[in-house]
Amino acid sequence: MAELKNNTIALIGMTGCGKSSVGRILAKKLGAVFVDLDDEIIRRHGEIKKIFSGLGEEAFRKIEAETLRDITFENSEKITVLSCGGGLPTYEPSRELLSEMCTVVWLRRNADSVLADKNVLERPPINGDPENYRRLLEIRYPIYRKTADYSFYNAFPQRTAATIVKKLELIKK
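Rules behind the numbers
Residues numbered from 1 in each chain as written. Predicted model: local features only at pLDDT ≥ 70, side-chain atom pairs only at ≥ 80, totals over all residues. Heavy atoms only, no water. Helix = DSSP H or I, 4+ residues; strand = E, 2+ residues; numbered from the N terminus. Rg over C-alpha atoms; globule rule 2.2 N^0.38 Å. Contact = heavy atoms within 4.5 Å. Areas by Shrake-Rupley, 256 points an atom, 1.4 Å probe, with all protein chains shown as cover. Lys, Arg positive; Asp, Glu negative; His and termini not counted. Charge placed at Lys NZ, Arg CZ, Asp CG, Glu CD. 1 Å grid on protein atoms, 1.4 Å probe; cavity = no way out; pocket = protein on both sides within 12 Å on 5 of 7 lines; lining within 4 Å. Points joined across faces, edges and corners; volume = space filled by probe spheres on them. Nonpolar A, V, L, I, M, F, W, Y, C, P; charged D, E, K, R; others polar.

Draft legend 1. Structural view of the overall build of the protein chain. Per the secondary structure count, the protein chain includes 9 helices and 5 strands. The N-to-C order of helical and strand elements in the protein chain reads β-α-β-α-α-α-β-α-β-α-α-α-β-α. In summary, the protein chain has a C-alpha radius of gyration of 15 Å against a globular reference of 16 Å for 173 residues, a match within 12%. Seen along its three principal axes, the alpha-carbon backbone of the protein chain occupies a region of about 50 × 35 × 25 Å. Of all intrachain contacts in the protein chain linking residues separated by at least 6 positions in sequence, the fraction that spans at least 24 positions is 75%. When the accessible surface of the protein chain is split by element, carbon and sulfur atoms take 48% of a total near 8900 Å². Mean positive and mean negative side-chain charge positions of the protein chain (28 and 24 charges, respectively) differ by 6 Å.

Next comes the structure, spelled out in structure tokens:
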């Protein structure tokens, strides 16, 4: 069985790669707590689009890092599967928290299939622009690669979650 840092599996990757879908399935398979970091930020601080437009990305990244730290400490007694925002690892304090306190799993997905989803395109900081998504992808991939303990391609969330369980030996046979 893999040693989970702080009992936390943090899922990272681009917007639309399936972090929330895979995370919910993975948590269910493990009998773990599932936390969507974006949902927690909304619950604690309000809408993400309003934070971006009112305070800017730097302020949002600080809020995101604080929420990551809080969630990791609050749930350390039980296994937690944490779906992180796509840009979280781009902020160095968040990367440091991930490395110190979480087992980090990077999920990847075909960019064309992500871009076919109009809901994904509307999320900040993509803001409806496919070229913006591709530019962010180019910037973020090396960061994800450097941050991750494990990496999985996600086309089918059920299969991806099962593969993560098997690879990390999270359920004793």
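Draft legend 2. Structural detail: the layout of surface pockets. Roughly 600 Å³ of internal volume is contained in the largest pocket. In terms of lining, the largest pocket is formed by 34 residues, of which the most central are T15, G16, D38, G85 and R123. Of all elements in the fold, only helix 1 (19-30), helix 2 (37-45), helix 3 (48-55) and helix 4 (57-74) reach the threshold of two or more residues within the lining of the largest pocket. Here the lining of the largest pocket is built from residues that sort into 12 nonpolar, 10 polar and 12 charged.

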